[in-house]
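An overview of the molecular structure
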Amino acid sequence: MEEKRPGEVIKNYMIEYMIGKGQFGYVYRIVDKNDIKKIYALKQIEIKENSEYLERAIKLEIEIMKKVQNENSVKLIENFDDDYYHYLVLELCDDNLDKIFRSKIKKTKKSYNELEVYMIMIQLNNCFKKMREGEKKVIHRDLKLENILIKYDEKIPIIGFSVKLSDFGLSKEMTDNDVTKTRVGTPMTQAPEILLEQKYHTQYNSKVDLWSIGIIIYQLLYMRSIPFIFKEGIMILQMQIWA
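Residues numbered from 1 in each chain as written. Predicted model: local features only at pLDDT ≥ 70, side-chain atom pairs only at ≥ 80, totals over all residues. Heavy atoms only, no water.

What about the packing of aromatic side chains?
Working definition: an aromatic ring pair is given by the centre-to-centre distance plus the angle between the planes. Scanning all chains against the criterion turns up six aromatic pairs. An aromatic cluster is present here, built from Phe-80, Tyr-85 and Tyr-87 joined pairwise through their rings. (Phe/Tyr/Trp six-rings, centres within 6.5 Å; stacked < 30°, edge-to-face > 60°.)

In structure tokens:
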């Protein structure tokens, strides 16, 4: 996939610089040509005409972002395509929770206290409430510190930043009675039902995000990656959860 250059113009936006690179595309900091005070993030995803699954997943991600829009999710400003790429213009955040948490530990040798974690989680809960509105609930399936973005805001007491849930690329809509068995997400924060699917053919429902939320709370309070030893690989992790 071709990387965009600083100064290059896409629609009404000018590329400033790349801020991230993932498996399926690049993310840039961009500025609105008509109002230079408006600064956003631009997600560039290559169009895969021979991959019906990927194209369907991108459309679903856009639909879900629009559906769950709230003050604690990353805002989708607009989306558009050209002959080669999908583009998502997104609210620009300052950092992600994983980076600022690691920085805090390095500087202070301390984790967040219970009140600070509460201030983080009460904001995320606003987003979770929106995700669970209606008959079809949105399950994220990849909740982790890296997918929780932050914007510094002195008006937010105790912690001084707002949190925004991001990256709905693996999300799915399900009713309370639906089950599925697709194995997606990050092993260290996956619910056991997802992690153990390959070996035990387990299924899961719309509540699997609760496990990941618990792991995130544990990480923030105790400065450990997960409550399980992960040194020997995923099989050991599976055995510990299943025990």
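Examining the nonpolar core
The biggest cluster of nonpolar side chains holds 40 residues, and the ones touching the most others in it are Leu-97, Tyr-112, Ile-120, Phe-161, Leu-165 and Leu-220. Among the elements of the structure, β4 (35–46), α1 (52–67), β6 (85–91), α2 (97–108), α3 (114–131), β9 (148–152), β10 (161–165) and α6 (209–222) are those that each provide at least two residues to this core. Here this core gets eight residues from one element, more than from any other, and that element is α3. Those residues in contact with Leu-220, other than ones at most four positions away along the chain, are Leu-97, Phe-101, Ser-111, Tyr-112, Val-117, Ile-120 and Leu-145. Within the second largest apolar cluster, 12 residues are counted, among which are Ile-15, Tyr-40, Leu-42 and Phe-80. (Core = buried A, V, L, I, M, F, W, Y, C linked by side-chain atoms within 4.5 Å. Buried < 20%, exposed > 50% of the residue type's maximum accessible area, 1.4 Å probe, protein only. Helix = DSSP H or I, 4+ residues; strand = E, 2+ residues; numbered from the N terminus. Contact = heavy atoms within 4.5 Å.)

Observations concerning the pattern of salt bridges
Two side chains of opposite charge can pair, provided their charged atoms sit close to one another. One pass over the full model with this rule turns up 13 salt bridges. Note that Lys-151 is salt-bridged to Glu-91, the shortest N-O span being 3.2 Å. In this pair, Lys-151 is assigned in strand β9 and Glu-91 in strand β6, connecting sequence segments 60 residues apart. Exposure remark for Lys-151: the relative accessible area of 25% places this residue in the partly exposed category. By relative accessible area, Glu-91 is classed as buried at 14%. For Glu-133, the salt bridge identified is with Lys-130, shortest N-O distance 3.5 Å. Linked through salt bridges whose partners overlap, the residues forming this network are Glu-91, Lys-151 and Lys-164. (Salt bridge = Lys/Arg side-chain N within 4 Å of Asp/Glu carboxyl O.)

Brief notes about the packing of α3 against α6
Running from N to C, α3 and α6 point in directions that differ by 160 degrees, and their axes come no closer than 10 Å. Classified by the angle between their axes, α3 and α6 sit roughly antiparallel to one another. Considering the relative orientation of α3 and α6, their crossing is right-handed. From α3, Glu-114, Val-117, Ile-120, Met-121, Phe-128 and Met-131 reach across to α6, where they touch Asp-209, Ile-213, Ile-217, Leu-220 and Leu-221. (Axes fitted to C-alpha atoms, helices over the stretch in contact; angles between N-to-C directions. Parallel < 35°, antiparallel > 145°, perpendicular 65-115°, else oblique. Left-handed = near helix turned anticlockwise from the far one by under 90°.)

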